[in-house]
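Letter by letter, the chains look like this.
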Amino acid sequence: MAEPQIPRWANFILGGCSGMMAASVVHPADLVKTRMQLLGPKVRLSTIAVVQRIIRKEGFLGFYSGLSASLCRQATYTAGRTGCFYSLLDFYKGYYGTPNFVAKLALASMAGSVGAVVGNPAEIALIRMTADGQMPPEKRRNYKNVIDAIFRIVREEGPLALFRGVASTVTRSAIVNAAQLGGYAQAREMLLPVMGEGIGLHFAAAMISGLITTIVYLPVDIVKTRVQNASVPTSQVKVLLQVIKNEGPLKLWSGFVPTYTKLGPQTVLLFLFLEQLVSLYLKFNQPTPSQKKD
């Protein structure tokens, strides 16, 4: 029996919805990670110290600064990358059969690059809004929400500012999606004969994917974060060399704990939500007996 498939347009909608649901849960960890990455070379704070600083200066609601931008990012970036990946996967299976691991990585990288370009404006807004509370009062941008952030960036810096750092975003997304989407698809395929279909399989595959993703994600993400938060355009190579020279290579993995605290559960939640939404879609869109005969 052929494996049931959902329409390609539904891949984008369900992917975006699952991303937004997951982001709502893990946003505080993402904010802490961003704050740690933006600390200067002379400032060394632990994850706990950064958390305490946020509570002291901004209160518990400070952990949700930039949530609107995070949701907007998921509605664009995650919808684009997951939708493209599963659409490309269906296309590949239709012509060439089940893809091997290398093919999965290539498809995931392509999908991540597309999602990165679409989601870059929301990414810019998210970085700036989550970083704002750490800035001196006179330097804060004080965006009201993601819409206000995008309109102000266009008005004050020009439309091209929304795509600042897009090259580093594409680089990060191609690498991260190869690890996350490709890794999940491969782990799921390998574990399926042992564990069988179900939430246990989805959870185990997502945890494997999340660990791999965290390791490869941080170096490219810290470069992207600094490029996008810069007040003037700069290259990712220049930023990378500055980080290594001024702060040491280990700085590239700064914020590993909050990143895995975010990426581990986010990867699990993303795929758990996505698998359940796909199941619901298939359940409520079963073909009628007359359609089956046709």
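Predicted, not measured: the structure shown is a model, and the values here were computed from it. (Residues numbered from 1 in each chain as written. Predicted model: local features only at pLDDT ≥ 70, side-chain atom pairs only at ≥ 80, totals over all residues. Heavy atoms only, no water.)

Asks: I'd like a rundown of the overall build of the protein, residues and numbers included.
Replies: Scanning the protein from terminus to terminus reveals ten helices and zero strands. Helices (α) and strands (β) of the protein occur, in sequence order from the N terminus, as α-α-α-α-α-α-α-α-α-α. For the protein, whose C-alpha radius of gyration is 20 Å, the value lies close to the compact-globule estimate of 19 Å for 294 residues. Reported as C-alpha extents along the three principal axes, the dimensions of the protein are approximately 70 × 35 × 35 Å. Counting across all 294 residues of the protein, residues that qualify as buried make up 49%. Nonlocal contacts in the protein, meaning residues at least 24 apart in sequence, comprise 78% of its contacts between residues at least 6 apart. Accessible surface for the protein amounts to roughly 14400 Å². Of this, 67% is attributable to carbon and sulfur atoms. Between the averaged position of the 31 positive side-chain charges in the protein and that of its 16 negative side-chain charges there is a distance of 6 Å. (Helix = DSSP H or I, 4+ residues; strand = E, 2+ residues; numbered from the N terminus. Rg over C-alpha atoms; globule rule 2.2 N^0.38 Å. Buried < 20%, exposed > 50% of the residue type's maximum accessible area, 1.4 Å probe, protein only. Contact = heavy atoms within 4.5 Å. Areas by Shrake-Rupley, 256 points an atom, 1.4 Å probe, with all protein chains shown as cover. Lys, Arg positive; Asp, Glu negative; His and termini not counted. Charge placed at Lys NZ, Arg CZ, Asp CG, Glu CD.)

Asks: How would you explain the nonpolar core if you had to name every residue and give the values?
Replies: In this structure, Leu14, Phe85, Tyr86, Tyr184 and Phe271 are the most contacted members of the largest nonpolar core, which totals 26 residues. For this core, the secondary-structure elements that each account for two or more residues are helix 1 (8–37), helix 3 (67–96), helix 4 (101–131), helix 6 (166–195), helix 7 (199–229) and helix 9 (256–284). At eight residues, the largest contribution of residues to this core is made by helix 9. Setting aside residues no more than four positions away along its own chain, Phe271 makes contact with Tyr86, Gln180, Leu181, Tyr184, Ala206 and Ser209. (Core = buried A, V, L, I, M, F, W, Y, C linked by side-chain atoms within 4.5 Å.)

Asks: I'd like to hear about the UniProt feature "transmembrane region" (unreviewed entry) in the protein, residue by residue, with values.
Replies: Taken from the UniProt record, the annotation "transmembrane region" (unreviewed entry) applies to residues 199–220. Measuring from the first to the last C-alpha atom of residues 199–220 gives 31 Å, for a span that is 100% helix and 0% strand. (UniProt positions renumbered as here; feature names shortened; annotations may be inferred.)

Asks: Summarise the packing of aromatic side chains; cite the residues concerned and give the values.
Replies: Taken as a whole and judged by the stated rule, the model has six aromatic pairs. Relative to Tyr96, the ring of Tyr95 lies with its centre 6.3 Å away and its plane at 45°, an arrangement referred to as tilted. Each member of the pair, Tyr95 together with Tyr96, is exposed. Ring geometry for Tyr184 against Phe271: centres 3.7 Å apart, planes inclined by 0°, an arrangement best described as stacked. Of this pair, Tyr184 sits in helix 6 while Phe271 sits in helix 9, placing them 87 residues apart in sequence. Side by side, Tyr184 and Phe271 carry an identical accessibility label, which is buried. Cluster of aromatic residues (ring-pair linked, three or more members): Phe91, Tyr92, Tyr95 and Tyr96. (Phe/Tyr/Trp six-rings, centres within 6.5 Å; stacked < 30°, edge-to-face > 60°.)

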